[in-house]
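Tertiary structure, described
Each chain, written out:
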Amino acid sequence: MNGSFDFVTTTDKPALIAFSTPAWLESAKAALQQLGYKVHTAATHSDFLLRFSQAHYQVVLVEELFGANIVEENLALKALQNMTTSQRRHTTVLLVGDSFQTFVPMEAFKHSVHAVVNSSELFLLNQLVEKAVAENDLFLHNYRDIQNRLLAGGKSERP
């Protein structure tokens, strides 16, 4: 972890990137910043886990081979896959790599992420992140609505 600490405020849109490939990292960072995200980067698996545990990241991008030679060695991805739903429900996770075809739902399901992105399509990352976040928000809309009502004391706006 680099020595600096960056506060996340209630108005920020935090995003976390875990990439080993420098060119991909710069491309992803620029795309997320253009979308208005406050971007943090993880240098190691332990750095990733520490950062993820300290903030509710709205978007997380993980490279398929982050700190690994094969996907099975990617400890950050394994940790995300093994987290309970409540620990990662607030996050839209995109997995980036050479072995994926972009936005294939079964591939995303197989890796327990919201979307997979082929690295050759990183130039479209702005649109791909927006699409994945919108789909995740739509999918969780009713859940979040009910959760907010319960937190408000069960009051309903319906007659």
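One structure accompanies this document, and this report is about it. (Residues numbered from 1 in each chain as written. Predicted model: local features only at pLDDT ≥ 70, side-chain atom pairs only at ≥ 80, totals over all residues. Heavy atoms only, no water.)

A few points about the side chain of Arg88
- Following the sequence through the fold, Arg88 ends up in helix α4 (residues 85–88).
- Here Arg88 is buried and forms no salt bridge, its nearest opposite-charge partner Glu135 lying at an N-O distance of 14 Å.
- In contact with Arg88, not counting residues within four places along its chain, are Phe52, Leu80, Gln81, Met83, Ser112 and Val113. (Helix = DSSP H or I, 4+ residues; strand = E, 2+ residues; numbered from the N terminus. Buried < 20%, exposed > 50% of the residue type's maximum accessible area, 1.4 Å probe, protein only. Lys, Arg positive; Asp, Glu negative; His and termini not counted. Salt bridge = Lys/Arg side-chain N within 4 Å of Asp/Glu carboxyl O. Contact = heavy atoms within 4.5 Å.)

Things to note about helix α1 (residues 22–34)
- When the terminal C-alpha atoms of α1 are compared, their 18 Å separation across 13 residues agrees well with the 18 Å that a helix rising 1.5 Å per residue should span.
- When we look at burial in α1, the residues that qualify are Trp24, Leu25, Ala28, Ala31 and Leu32. Buried positions in α1, seen along its axis, are confined to an arc of 135° and lie on one side of it. In α1, the exposed positions angled more than 90 degrees off the buried face are occupied by Pro22, Ala23 and Gln34.
- Backbone geometry just after α1 places Gly36 at a positive phi near 90°. (Expected span 1.5 Å × (residues − 1). Arc of directions from axis to C-beta.)

Digging into the sheet that holds strand β5 (residues 115–118)
- Spatially, β2-β1-β3-β4-β5 is the arrangement adopted by the five strands of the open sheet, whose pairing is parallel. Two strands lie at the open edges of the sheet, namely β2 (38–41) and β5, each paired on one side alone. Shown here is a sheet whose adjacent strand axes are inclined to one another by a mean of 20°, direction ignored.
- Of the pairings in the sheet, the one linking strand β4 (residues 92–97) to β5 comprises four bridges and is parallel in character. Opposite Leu95, over in β5, you have Val116 as the bridge partner.
- Sitting on the sheet, α1 is in contact with β1 (14–18), β2, β3 (59–63) and β4, with an inclination near 170° to β1.
- Packed on one face of the sheet, helix α2 (residues 45–54) meets β1, β2 and β3 and runs near 165° to β1. (Pairing = 2+ DSSP bridges. Axes fitted to C-alpha atoms, helices over the stretch in contact; angles between N-to-C directions.)

Brief notes about the nonpolar core
- Among the nonpolar cores identified, the biggest contains 23 residues, and Leu32, Tyr37, Val59, Leu61 and Val129 are the most heavily contacted of them.
- Listed by contribution, the elements that provide at least two residues to this core are β1, α1, β3, β4, β5 and α6 (125–151).
- Beyond its immediate sequence surroundings of up to four residues, Leu32 is in contact with Ala15, Ile17, Tyr37, Val39, Val59, Leu61 and Val129.
- Counting residues in hydrophobic clusters, the runner-up holds 21 residues, among them Ala42, Phe66, Val71 and Val113. (Core = buried A, V, L, I, M, F, W, Y, C linked by side-chain atoms within 4.5 Å.)

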